[in-house]
Amino acid sequence: MKILVPIKRVVDYNVKVRVKSDQTGVETANVKMSMNPFDEIAVEEAIRLQEAGTAEEIVIVSIGIKQCQETIRTALAMGADRGILVETEEEVQPLAVAKILKHLVEKESPQLVITGKQAIDDDNNQTGQLLAALLGWSQGTFASKLEFTDDRLKLTREVDGGLETVSLSLPSVVTTDLRLNEPRFVKLPNIMKAKKKQLDIIPMDSLGLDTTSRVKILKVEDPPQREAGIKVDSVEELIDKLKNEAKVI
Amino acid sequence: MGVLVVAEHDNEVLQESTLNAVTAGLEINAEVSVLVAGQNCGGVVDSVGKVAGVSKVLSCEHELYEHQLAESLAGLIASIASDYTHILAAATSQGKNVLPRVAGLLDVAPISDITDIQSADTFVRPIYAGNAIATVQSEDTIKIVTIRPTTFDAAAADGGSAEIVSIDPHDDKQDLSQFMGQELTQSDRPELTSARIVVSGGRGMGSSENFQIIEALADKLNAAVGASRAAVDAGYVPNDYQVGQTGKVVAPDLYVAVGISGAIQHLAGMKDSKVIVAINKDEEAPIFQVADYGMVADLFDVVPKLTESL
Amino acid sequence: MTYSAPLQDMEFVLNELCDLEGVCSLPGLQETTPDLASAVLEEAAKIASEVLAPLNRQGDTQGAKHLDGKVVTPDGWKEAYREFIEGGWNSISFSEKYGGQSLPYLVATAVQEMWHASNMSFALCPMLTQTAMEALLMHGSDALKQTYLPKMVSGEWTGTMNLTESQAGSDLSAVRTQAEPNGDHYRLYGQKIFITYGDHDLTENIIHMVLARTPNAPEGVRGISLFLVPKLLVNTDGSVGEPNDVRCVSIEHKLGIHGSPTCVLAYGDKEGAVGYLVGEENQGLVYMFVMMNLARHAVGVEGLAIAERAYQQAASFAKERVQGRPIGTKSGDRVSIIHHADVRRMLMTMRCKVEAMRSLAYLWAGAFDKSTHHPDEDERLRQQQIVELLTPIVKGWCTETGNQLASLGVQVHGGMGFIEETGAAQHFRDARITTIYEGTTGIQAGDLVGRKLLRDGGAAAVMMLETMRKIEPSMADIKEFDKIYKQSLDDLEQATQWLLKAAMEDPQLPAAASYYYLELWGVVVGGWLMAKSALAAQKKKSAGEGDKAFYDNKIKTASYYAAHVLSGTTGLRHTIIEGSDDVMALQVEDF
């Protein structure tokens, strides 16, 4: 089968983000960018499926500025076959992303779309579910294990309090959780090979889709700082604070 | 036109987080309806009916909804969505799974994991793992929102008397998804790096035997047990208990430091914890500089008392 | 303590100071582009920070062990080595013909910096393999190359260099290991010491390159030959066979690099170790000299790498460690020590010298690539001249400075740095070997004065001075930079002229001054490159390109370098010219 893996270029998880002084967002200029770690797990899973003979072709998709090509190349160096960049300078929100992906799914006809459960920048956790809804496909979110049996996908999901197993019809949209796998390091010769793999660039405008934002970002601020601690005098007071003020027990 | 809250339950017990979602709903509009979709879930319907502030309970019993699978549940919610201005659920793994699918069916941009409601269309939500806070405004006519349960109080489970209405299942015979089973985590002590609560002991514990009072407190809180390097070096506990620069880095919701002075190497391993409690005899111990709640006291006095009182 | 590769600075140095684009356009290196180099660095950075750096402390505390006659590497070493070679990192700049990646040495140098910064004890293993491969590639017969090179390139086997014996350290003419002809091979007898990764459990086989004497060889350096001695004999079909007669007798207990086994190897305890002549008899030391430039540069990169690691550690500690209040305030919040000016001084010294060392070490690598790949012969020779002149400076200055900065790193930590827990002390201990092995600083300084300055009558030095005089740092708008810079060039020129003259009168004088002369060169070349980087940063800023804050900082570190480092050249000149007599003033018995 063919697998489509949508990936997002995000601020590297090691970077301590800085909120812009004009409160319009987070500083992303001249900040180290990397593939969203959950998407990296998705790429890894697709490659493992290919190595196991379950998948034939892996197509990487990213939506964003032209530097997203670098992120796609990383996925190609990991082992994916080709890439598609839907190029735009605009911020594209999950619903619009899902619409673009739906368009590409119709063109590419994959049996499986696998992507990260959320991007570590906006933490939305929506794209996979939105896409599954738009396509009318089954959805296997927060996956920690995939097994293909008799035209169906047996998928283990990480849910609050434990694990849940579902059987999904194919084609399906799967979103990855942390424990699904540990992505490989890229091998040096594969970086060279990735340079020669096919990477198509499609201007987003040329798709004729409604990609306008429906959620307006009014402002972005720093989180409140840890307040200077207080001293408590008794066990009762401590328990009361933990229960009713901090709400952690 | 009111707010619809999607209840989360296992057909027997209502998830507490639904009560937080009801409170969020009531902040938007006094008219809050709750959808209970399931199979043989009459008990849940009844308990939702009693929740303070809930005006109406929509009950939909059908085998399709027995396991709350997103594929069928989303269709049902979408089919009744036009009666509401907002559709809310707790941002649990269930809520996060289902609500965006509903949004996709309705061509709505969902809003995830909000921590505050500023107006009917304006919400606050953390981004970048809480390192920035965004205020966002929805431009859709129906707002589909998941709420972070810990930031909204739970509605009182009693005191309400909602109207209970039975609704038809949404005609949805697709075989997209089947439930096969679940495996819930046993109640063994959680793993240090992923535990929601960590209780750690330091050199102040004095001996390996004394660490039992840490363990007793940890068990009461369903917490993992950690230790400072000093305690590990003194042989009170094994190496893999060590929290700190050269040990494990943890960031639980609650970190309880007992008899730990707070050497910088230790702080490096736990300073990102959400709430830090420090119990130490020494008033000058640096741990108090990072603790939200500090208690200057003899730990052998206070910790057993704490365990008992919880 | 974590390590994060300074990719932004690395790429700046590669592109703005070392002409990466030009290097990538050389015949034989055109597979590489600056974009590709950037991707390579990014992936290497992941291996460095996620695989190698987390093992650094383990390597230090556990150390390599000699158990039941076998050398056991620290926990995690094997898995890391597997990851390393499977990723193709073992042979990054080696020829594609033997399975390497043919990347420019310039790019490989940046990658090397990451390996050494993240885990120097580990990185020594591939580094020595690389040196052994170079020796084999340059001088070995086709048969030897075919049998051994591909497996060394892939990392399936590692390599070692066996030069030192207990009586033959810096003076290799005293080598006594014997090699007796025996059919198509030789039998070796003798003991070698200080053999880095001479034995280990990372790979099945180890290929030793051994210096030894044949029976009728001339005395001294002209009678030393190079032999290839495998740990396990290799069958004609390429498979591994019987053990050879070489064994690890013991490993050293050292001040630093504990994870790297430093072995005593005994050859020929029984029937004699089977060895194969590499190249011709009695040419061993000549061959060593050819490789020496690369090996010395690699050790210079270690000095840079450890300093970078120590800087990262110190900066992060200084930001977190709360002690005292700002000067002039008696109340209010205590602040982290980075707010104190003296701590800033230490961190700025570390930072600007690291930047200067990086520029120098990478510049050397770019010149090396051009000296080996440039189509124009004159240009190749000119670049070779730069390589030769700069080799002792890269090795000597970067390792001496590396030690100084690792020590400053401890100082920033205060008492916390003296105890082992923070990790600052490990960098200090690990750095210590770098001024010693692969030729001590004294040897480097002697090489600089004797071979690089006096031998050509100062031609290379004058050429370099002229090159350095060609830039106008004032364009970068740094106060006083021009004055200090010009003065430093004058100091270097005067010291150079004095040495050329003094050597005619008394050969002891240049020798006594050579250490300071090397330091002077390091500081001035560093100043030249800091000026160039400030200019490049200014140009980028004016063009409105890239990260303005980064470029501003490049200009600030250059300014600090001028005022705090480059300004010291006059003292060095004075020491060289006026102080050399005093070095030998006391009689031996007066000590």
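One numbering rule holds for all chains: residues counted from 1, following each sequence as written. The order in which chains are written sets their letters, starting at A; the order in which ligands are written sets their numbers, starting at 1. Thresholds applied to this predicted model are a pLDDT of at least 70 for local features of residues and 80 or more for the giving and counting of side-chain atom pairs; totals over whole chains, interfaces and linings are not thresholded and use all residues. Only hydrogens and water are removed before side-chain values are computed, so all heavy atoms of the structure are retained for them.

A word on the overall build of chain A. A tally of regular secondary structure across chain A gives six helices and 13 strands. For the C-alpha atoms alone, the extent of chain A along its principal axes is close to 65 × 45 × 40 Å. Only protein chains enter the area calculation, which uses a 1.4 Å probe; residues under 20% of their type maximum are buried, those over 50% are exposed, and those in between are partly exposed. Counting every position in chain A, which comprises 249 residues, the buried fraction comes to 57%. Counted as positive: Lys and Arg. Counted as negative: Asp and Glu. His and the chain ends are not counted at all. Charge positions are represented by NZ for Lys, CZ for Arg, CG for Asp and CD for Glu. If you average the places of the 34 positive and of the 40 negative side-chain charges in chain A, the two averages end up 3 Å apart. Working definition: helices are DSSP H or I runs of at least four residues, strands are E runs of at least two. Numbering for both runs from the N terminus.

Take the pairing of strand S15 (residues 275-280) of chain B next. Residue and element names in this part refer to chain B. For S15, the buried fraction is high: six of the six residues fall into the buried class. Residues Val275, Val277 and Ile279 line one face of S15 and the alternating positions Ile276, Ala278 and Asn280 line the opposite face, and both faces are buried. Should DSSP find at least two bridges between two strands, the strands are regarded as paired. Bridging between strand S14 (residues 254-258) and S15 involves five bridges; their strand directions are parallel. Looking at the pairing, valine 256 lines up with valine 277 of S15. Pairing of S15 with strand S16 (residues 293-296) involves four bridges; the strand directions are parallel. The residue bridging alanine 278 from the neighbouring strand is glycine 294, located in S16.

The interface of chain C with chain B comprises nine residues on the first partner and six residues on the second. Across the chain C/chain B interface, buried area totals approximately 770 Å², and carbon plus sulfur atoms make up 53% of it. Criterion for a salt bridge: a side-chain nitrogen of Lys or Arg within 4 Å of a carboxyl oxygen of Asp or Glu. Scanning the region where chain C abuts chain B turns up two salt bridges. B:Lys271 is paired through a salt bridge with C:Glu320; the nearest N and O atoms lie 3.9 Å apart. Think of a polar contact as two N or O atoms within 3.5 Å of one another; within protein, one of them needs to be a possible hydrogen donor and the other a possible acceptor, and neighboring residues in sequence only count if both atoms come from side chains. There are one residue pair in polar contact (both at pLDDT 80 or more) connecting chain C and chain B. Top element by residues in the side of chain C that touches chain B is helix H7 (residues 284-320) of chain C. It accounts for three residues. Contacts are assigned to residue pairs that have any heavy atoms within 4.5 Å of one another. Joining two parts hides part of their accessible area as seen by a 1.4 Å probe, and the buried area is that hidden amount summed over both.

Quick look at the pairing of strand S9 (residues 162-169) of chain A now. Counting buried positions over the eight residues of S9(A) gives seven, a clear majority of the element. Looking at chain direction, strand S8 (residues 152-159) of chain A and S9(A) are connected through eight bridges and run antiparallel. The residue of S9(A) that forms the bridge with A:Arg152 is A:Ser169. Between S8(A) and the antiparallel strand that follows it, S9(A), lie two residues; A:Gly161 among them carries a positive phi value of about 90°. Where S9(A) meets strand S11 (residues 177-184) of chain B, seven bridges bridge the pair, whose relative direction is antiparallel. Residue pairing in the sheet places A:Leu163 in a bridge with B:Glu183 of S11(B).

Time to look at the sheet that holds strand S6 (residues 116-119) of chain B. Read from one edge of the open sheet, four strands run S12(A)-S8(B)-S7(B)-S6(B), paired in antiparallel fashion. Each edge of the open sheet carries a strand with a single partner, namely strand S12 (215-221) of chain A together with S6 of chain B. Taking the axes of each pair of neighbouring strands and ignoring which way they run, one obtains an average angle of 30° across the sheet. Two strands pair when backbone bridges link them, and S6(B) and strand S7 (residues 122-127) of chain B are joined in this way by three bridges, in the antiparallel orientation. Counted as the bridge partner of B:Asp116 is B:Val124 from S7(B). Angles shown run from 0 to 180 degrees and are taken between the N-to-C directions of axes, each axis being a line fitted to C-alpha atoms and, for helices, limited to the stretch in contact.

So, on to the pattern of salt bridges. Overall, the coordinates contain 56 salt bridges over all chains when judged by the stated rule. Among the ionic pairs, B:Asp253 bridges to B:Arg196, the shortest N-O distance being 3.2 Å. Residue B:Asp253 is located in the loop between helix H6 (229-233) and S14, and its partner B:Arg196 is located in the loop between S11 and strand S12 (197-201); the two are separated by 57 residues in the primary sequence. Residue class for B:Asp253 comes out partly exposed when judged on its relative accessible area of 23%. Classification of B:Arg196 as partly exposed rests on a relative accessible area of 44%. Close ionic contact of C:Glu480 with C:Lys483 constitutes a salt bridge, the shortest N to O distance being 3.1 Å. Overall, the relative accessible area of 46% leaves C:Glu480 in the partly exposed class. Judged by its relative accessible area of 57%, C:Lys483 is exposed.

Residues with a pLDDT of 70 or more make up 97% of chain B, whose mean pLDDT is 91. Across the whole predicted complex the pTM is 0.88, and at the interface the ipTM reaches 0.92. What pLDDT conveys is the predictor's confidence in a given residue, as a value from 0 to 100.

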